[in-house]
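What the coordinates show
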Amino acid sequence: MALSKASLKSKIVANLQGQGFTTTGQHAFAAKMAEAIANAVIDEITSNGQVVVTGGSSSGTYKVT
């Protein structure tokens, strides 16, 4: 499964709405905040994430892409 900024943003917005946040309208910045958080999380994972496989012929450490 590929990482998706749009999908993560959607999940964050849905969770914020579930907690009572207003995510639409002229003065609602929760959706913008969700987008910023999603972008930062995905960028961090794809820049620095590693997967460690401990057994089998594929054992080793691999970069998350």
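My aim in this report is to walk through the structure given alongside it, one point at a time. Just so it is clear, the structure is predicted and the values come from calculations on it, not from any experiment. (Residues numbered from 1 in each chain as written. Predicted model: local features only at pLDDT ≥ 70, side-chain atom pairs only at ≥ 80, totals over all residues. Heavy atoms only, no water.)

1. Overview of the overall build of the chain
Scanning the chain from N- to C-terminus turns up two helices and two strands. Counting helices and strands in the order they occur from the N terminus, the chain gives α-α-β-β. Taken over C-alpha atoms, the radius of gyration comes to 16 Å for the chain, far larger than the 11 Å a tight globule of 65 residues would show. Oriented by its inertia axes, the alpha-carbon framework of the chain measures out at about 55 × 20 × 15 Å. Partitioning the intrachain contacts of the chain with sequence separation of at least 6 by distance along the chain shows that 33% fall at a separation of at least 24. Put simply, the chain shows about 4800 Å² of open surface, and 56% of that area lies on carbon and sulfur atoms. (Helix = DSSP H or I, 4+ residues; strand = E, 2+ residues; numbered from the N terminus. Rg over C-alpha atoms; globule rule 2.2 N^0.38 Å. Contact = heavy atoms within 4.5 Å. Areas by Shrake-Rupley, 256 points an atom, 1.4 Å probe, with all protein chains shown as cover.)

2. Points about the packing of helix 1 (residues 5-18) against helix 2 (residues 30-48)
Put simply, helix 1 and helix 2 touch, their axes get as near as 8 Å, and they point 135 degrees apart. Considering the angle they form, helix 1 stands oblique to helix 2. For the crossing formed where helix 1 meets helix 2, the hand is right-handed. From helix 1, Lys5, Leu8, Lys9, Ile12, Val13 and Leu16 reach across to helix 2, where they touch Ala30, Ala31, Met33, Ala34, Glu35, Ile37, Ala38, Asn39, Val41, Ile42 and Asp43. Classifying every residue of the contact of helix 1 with helix 2 by side-chain character gives 12 nonpolar, one polar and four charged. (Axes fitted to C-alpha atoms, helices over the stretch in contact; angles between N-to-C directions. Parallel < 35°, antiparallel > 145°, perpendicular 65-115°, else oblique. Left-handed = near helix turned anticlockwise from the far one by under 90°. Nonpolar A, V, L, I, M, F, W, Y, C, P; charged D, E, K, R; others polar.)

3. Let's talk about the pairing of strand 1 (residues 50-53)
As paired elements, strand 1 and strand 2 (residues 60-63) share four bridges and run antiparallel to each other. Bridge assignment links Val51 to a residue of strand 2, and that residue is Tyr62. The loop that links strand 1 with its antiparallel partner strand 2 comprises six residues; one of these, Gly56, has a positive phi angle of about 85 degrees. (Pairing = 2+ DSSP bridges.)

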